[in-house]
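# A closer look at the structure
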Amino acid sequence: EDHLKLLVERFGEARPITKASIEIHGNGKQAVATEVGDGVYRAADAWLLEPGKKALAVTIQSDDLRDVLVMVFDPAQGGSVASGREPKYTPRKEQ
């Protein structure tokens, strides 16, 4: 695929988080993911798709939630094309 796709749901509820602000930081760069469906966000910044593993921090903010997800992303290994399944990253709700 030509983008990074994130499925964002409430932890333990399998309910999509909609209308969130999502920023992706890594390698000294930043990208913004836009909502393309209920809880589905996409970022198409070229640096995300460059070969090699990237340590990313994904900041998720909505009306009642703020979280940071830390992950390693390798475009050659992840997503629906390489693994045959949709990627799924879920934030945890603040206590």
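Residues numbered from 1 in each chain as written. Predicted model: local features only at pLDDT ≥ 70, side-chain atom pairs only at ≥ 80, totals over all residues. Heavy atoms only, no water.

## Quick word on the sheet that holds strand β8 (residues 65–73)
Just so we agree on the cut-off: If DSSP finds at least two bridges between two strands, the strands pair. Strands are runs of DSSP state E lasting at least 2 residues, helices are runs of H or I lasting at least 4, and numbering of each runs from the N terminus. The angle between two axes is taken between their N-to-C directions and runs from 0 to 180 degrees, where each axis is a line fitted to C-alpha atoms and a helix contributes only its stretch in contact.
Pairing within the open sheet is antiparallel, and its 6 strands lie in the order β1-β6-β5-β4-β7-β8. Looking at the sheet topology across the chains shown, the edges are occupied by β1 (4–7) and β8. Across the sheet, the mean angle from the axis of one strand to that of its neighbour is 25°, orientation sign disregarded. Bridge analysis of strand β4 (residues 21–26) against strand β5 (residues 29–37) gives 5 bridges, and the strand direction is antiparallel.

## Quick look at the side chain of H3
Formally: Each residue is assigned to one of three classes by its accessible area relative to the maximum for its type, calculated with a 1.4 Å probe on protein chains only: buried under 20%, partly exposed between the two thresholds, exposed over 50%. Identification of polar contacts relies on pairs of N or O atoms within 3.5 Å, with a donor-acceptor requirement for protein atoms, meaning one able to donate a hydrogen and the other able to accept it, and with residues adjacent in sequence counted only if both atoms are side-chain atoms. Throughout, a contact is declared for two residues whenever any of their heavy atoms are within 4.5 Å.
Residue position: H3 is located in the segment before β1. Residue classification places H3 among the buried residues on the basis of a relative accessible area of 16%. Only 2.8 Å separates the side chain of H3 from the side chain of D2, close enough to count as a polar contact. For H3, the side chain forms a polar contact with the side chain of R42, separated by 3.4 Å. If sequence neighbours within four positions are ignored, H3 has contacts with R42, A43, A44 and L49.

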